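Tertiary structure, described
Here's the letter readout for the chains.
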Amino acid sequence: MPNIVDDDDLNLEVLGYKPSFRREFSNLATISFAFSIMGLCSSIATTFNTPLLLGGPASVTWCWLLGSCMCFTLGSSIAEIVSAFPTCGGLYTASAQLCPPAHRAVVGWIVGWLNILGQVAGISSTEFGLTSMILGAVSLASPDFVVTPGKTVGLFVALLIIHGTLNSVATKHLAYATRSFVFVNIGTTMTIVIALLATTPRSEMHAASYVFGSQGIINQTGGWNNGIAFLLGLLSVQWTDYDATAHISEEVQRAAYAAPTAIFIAVIGTGILGWILNVVMVLCSGPIENLPGVSGSAFLQIMALRMGVTAALVLWSFVCITAFFVVQTALQACSRTIYAFSRDHGLPDNGYFGHISGYTQTPLRSIWLATALSILPGLLDLASPVAANAIFALTAMALDLSYIIPIFLRRFYANHPKVHFHPGPFYMGSGLVGWAANVACIAWTVFVTVLFALPTVWPVSTNNMNYASAITVGVILLSGIWYILSAHRHYHGPTSNLDAETKAKLGVTGKNDAAGASAEEQKKTPVSGPEDAA
């Protein structure tokens, strides 16, 4: 084990960073982390209303399958880059490394802010979703219970404080707890599938034409044609935080292997198991006019219809636990991203949030900054639910754009004399497979980004308008203006924090231009070469 850790730390030093974390995440814990942040049953539960009530049952079935296949190309492309750059900066650090030195600061700045704000909005929206799940269960159990904005925001803030507290423990405790997440996730999913099939009379199951065919296209958008209504089902399958495992890679053993492999396995597993769950939910859903029901969740209402309220609430509690795991892992990943950005002087904090606690060996300051930032969008719900939802809508669009930028740069500057991409152990090759996956995921992400910008129902009003595109463009413009006016003085792209002795040992001479060793030094001491490709 010491040799493995030593090799990991050497690879990190080659990338320009001093090892600061303890590598406590084993292969199992890393895979479990990646599975947990995808959500599986909890992500389906919180988004099930969208495809079912906009495009109909067929949209649920086919959009998940189509989206999963395309998400596989995105996940594979991200894993390839994470394998080459296993740092807690993730794709933010990689983006700056994959473009010429003249553009590194600007690219790193924009991708860094897109990624951080996308993660913050993701944590906030997921926690808000968990809050709605809990209150929906209470409403189902006690129909007289009244959900108010005060109760919702109070529970939301309490849950985030709990997550911040749990994330403040040492890495070994986080790794130990995370190992069980994947089993709870898969176990809950399969239990729901089996229970629904066992409790639904064969005569009440829907026909194949309803689940898979044209009978299942039920347009309830109020204005979009059937094609657009059907495609809106893709909004439920465009998972986020693919690169979350990269953000904990400095805490992972054999990071260049384990982190990308965990992403790859999680994307495949979530796609397959999620499709099975979606098909069974539609098969056993009953009359669509009765959904989403008193709980506001079609997923929970279907479970209550078939299993009875008590059994449904018992299983629903486990679905809520998996959602709790999503926020737990997402907050850990976000705090490491903030830490990395502060370490590179991307925040106007003089490195304050790039500090590692000597007691826990974790970035406590960035953990609580991420927690505080995630609380802010939820507080907007007290004043304007429309404003809160507008911030939540930032998540997928901002994160997806931060993902495809490094993928695009890797191909666009492949032959640039000052850009050197050295593949890690997870490598799809320079041939057709790698190119096809990269091009497909970029084209797909651009396509679904357009869908993310569309209003989902008509007629459009200030209450149901989709503000995601406006907010995302605003983030890019404001970050650009900030960089031009002042940030360029303190941020120059990913910056090495190695001491002179370590640089001399690695043979690094002069000031680096991206993070650690220059391109020439990286060529001499690569993290892993093409000969290690998998």
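Source: prediction; values computed, not measured. (Residues numbered from 1 in each chain as written. Predicted model: local features only at pLDDT ≥ 70, side-chain atom pairs only at ≥ 80, totals over all residues. Heavy atoms only, no water.)

Things to note about the overall build of the protein chain
When helices and strands are counted, the protein chain shows 23 helices and zero strands. Structurally, the protein chain occupies a C-alpha span of about 75 × 50 × 50 Å along its principal axes. A fraction of 82% describes how many contacts in the protein chain between residues 6 or more apart in sequence connect residues 24 or more apart. Of the roughly 20,000 Å² of accessible surface on the protein chain, 67% is carried by carbon and sulfur atoms. (Helix = DSSP H or I, 4+ residues; strand = E, 2+ residues; numbered from the N terminus. Contact = heavy atoms within 4.5 Å. Areas by Shrake-Rupley, 256 points an atom, 1.4 Å probe, with all protein chains shown as cover.)

Here we look at the packing of helix 17 (residues 364-383) against helix 18 (residues 385-392)
In a pair of packed helices, the angle between the axes and the distance between the axes together describe the arrangement. At a minimum axis distance of 6 Å, the contact between helix 17 and helix 18 shows a crossing angle of 155°. Our classification of the angle between helix 17 and helix 18 gives roughly antiparallel. Of helix 18, the residues touching helix 17 (which contributes Pro377, Gly378, Leu380, Asp381 and Ala383) are Pro385, Ala387, Ala388, Ile391 and Phe392. A class-by-class count of the residues in the contact of helix 17 with helix 18 yields eight nonpolar, one polar and one charged. (Axes fitted to C-alpha atoms, helices over the stretch in contact; angles between N-to-C directions. Parallel < 35°, antiparallel > 145°, perpendicular 65-115°, else oblique. Nonpolar A, V, L, I, M, F, W, Y, C, P; charged D, E, K, R; others polar.)

Digging into unusual backbone geometry
Note the cis peptide between leucine 291 and proline 292, where omega equals 10°. A cis amide bond, omega -5°, links tryptophan 458 with the succeeding residue proline 459. Relative to the helices and strands, proline 459 resides in the loop between helix 20 (432-453) and helix 21 (468-485). Positive phi, normally seen in glycine, also occurs at arginine 254, with a value near 55°. For arginine 254, the position within the fold is in the loop between helix 13 (244-247) and helix 14 (255-283). Residue class for arginine 254 comes out partly exposed when judged on its relative accessible area of 34%. (Buried < 20%, exposed > 50% of the residue type's maximum accessible area, 1.4 Å probe, protein only.)

A short note on helix 5 (residues 57-84)
Here helix 5 spans 41 Å end to end across 28 residues, near enough to the 40 Å set by a 1.5 Å rise per residue. Of all 28 residues making up helix 5, 23 are buried, and the element is well covered by its neighbours. (Expected span 1.5 Å × (residues − 1).)

Points about a nonpolar patch on the surface
Taken together, the side chains of Phe72, Ile268, Ile272 and Ile276 make up a nonpolar region of the molecular surface, amounting to roughly 300 Å² of accessible area. With three residues, helix 14 is the largest single contributor of residues to the nonpolar patch. Residue placement: isoleucine 276 occurs in helix 14. Isoleucine 276 gets classed as partly exposed once you look at its relative accessible area, which sits at 32%. (Patch = residues over 30% accessible without salt bridge, like charges linked within 9 Å, V, L, I, M, F, W, Y side chains within 5 Å. Salt bridge = Lys/Arg side-chain N within 4 Å of Asp/Glu carboxyl O.)

Some details on the nonpolar core
Of all hydrophobic cores here, the largest spans 77 residues; its most connected members are Phe25, Leu74, Ile78, Phe85, Tyr242 and Phe341. In terms of residue count, helix 7 (residues 101-141) provides more of this core than any other element does, nine residues in total. Leaving out residues up to four positions away in the same chain, isoleucine 78 has contacts with Leu91, Tyr242, Asp243, Ile263, Tyr403 and Ile407. Formed by 56 residues, the second largest nonpolar core is a distinct cluster that contains Leu53, Leu159, Val193 and Leu315. (Core = buried A, V, L, I, M, F, W, Y, C linked by side-chain atoms within 4.5 Å.)

Focus on the environment of leucine 53
As for its placement among the helices and strands, leucine 53 is situated in helix 4 (residues 49-54). On the basis of relative accessible area, leucine 53 is assigned to the buried category, the value being 18%. Taking the C-alpha atoms as reference points, leucine 53 and threonine 221, separated by 168 residues in sequence, lie 8.0 Å from one another. Apart from the residues lying within four places of it in its own chain, the contact partners of leucine 53 are Gln220, Ile288, Leu291 and Pro292.

Brief notes about the pattern of salt bridges
Counted by the stated rule, this structure contains five salt bridges. A salt bridge links glutamate 80 to arginine 410; its shortest N-O distance comes to 3.4 Å. In this pair, glutamate 80 is assigned in helix 5 and arginine 410 in helix 19 (residues 394-412), connecting sequence segments 330 residues apart. Overall, the relative accessible area of 8% leaves arginine 410 in the buried class. The residue glutamate 204 makes a salt bridge to arginine 306 at a minimum N-O spacing of 2.5 Å. Linking glutamate 204 in the loop between helix 10 (181-199) and helix 11 (208-211) with arginine 306 in helix 15 (residues 298-307), this pair joins segments that are 102 residues apart in sequence.

Notes on the packing of helix 7 against helix 8 (residues 149-166)
Running from amino to carboxyl end, helix 7 crosses helix 8 at an angle of 120°, the nearest separation of the two axes being 9 Å. By the angle between their axes, helix 7 is oblique relative to helix 8. Both helix 7 and helix 8 take part in a crossing whose hand is right-handed. Taking contact as the criterion, the partners of Ile123, Ser124, Glu127, Phe128, Leu130, Thr131, Ile134 and Leu135 in helix 7 are, on helix 8, Thr152, Leu155, Phe156, Leu159, Leu160 and His163. Partitioning the contact of helix 7 with helix 8 into residue classes produces nine nonpolar, four polar and one charged. (Left-handed = near helix turned anticlockwise from the far one by under 90°.)

Details of helix 16 (residues 309-343)
For helix 16, with 35 residues, the first-to-last C-alpha span of 50 Å sits near the 51 Å given by 1.5 Å per residue. When you tally the buried positions in helix 16, you get 26 out of 35 residues, the bulk of the element.

Details of the packing of aromatic side chains
Under the definition given, this model contains 25 aromatic pairs. Judged by centre distance (6.1 Å) and plane angle (85°), the rings of phenylalanine 48 and phenylalanine 299 are edge-to-face. Of this pair, phenylalanine 48 sits in the loop between helix 3 (41-47) and helix 4 while phenylalanine 299 sits in helix 15, placing them 251 residues apart in sequence. Between phenylalanine 181 and phenylalanine 325, the aromatic rings sit 3.8 Å apart at their centres with planes inclined by 10°, giving stacked as the arrangement. Here phenylalanine 181, found in helix 10, pairs with phenylalanine 325, found in helix 16; they are 144 residues apart in sequence, far enough to count as distant. One aromatic cluster in this structure is built from Tyr92, Trp109, Trp113, Phe341, Trp482, Tyr483 and Tyr491. Taking NZ or CZ as reference, arginine 343 lies 3.9 Å from the ring centre of tyrosine 17, over its face. Seen from the ring of tryptophan 435, arginine 411 lies directly overhead, with NZ or CZ sitting 4.5 Å from the centre. (Phe/Tyr/Trp six-rings, centres within 6.5 Å; stacked < 30°, edge-to-face > 60°. Lys NZ or Arg CZ within 6 Å of the ring centre and 35° of its normal.)

Let's talk about the environment of serine 295
Assignment of secondary structure puts serine 295 in the loop between helix 14 and helix 15. On a C-alpha basis, the gap between serine 295 and serine 139 in space is 5.8 Å, while along the polypeptide they are 156 residues apart. Leave out the neighbours within four places in its chain, and serine 295 touches Gly136, Leu140, Leu300 and Gln301. Side chain to side chain, serine 295 and glutamine 301 meet in a polar contact 3.1 Å long. (Polar contact = N/O pair within 3.5 Å; in protein donor to acceptor, adjacent residues only side chain to side chain.)

A few points about the environment of phenylalanine 318
Following the sequence through the fold, phenylalanine 318 ends up in helix 16. Separated by 100 residues in sequence, phenylalanine 318 and lysine 418 have C-alpha atoms that sit 51 Å apart.

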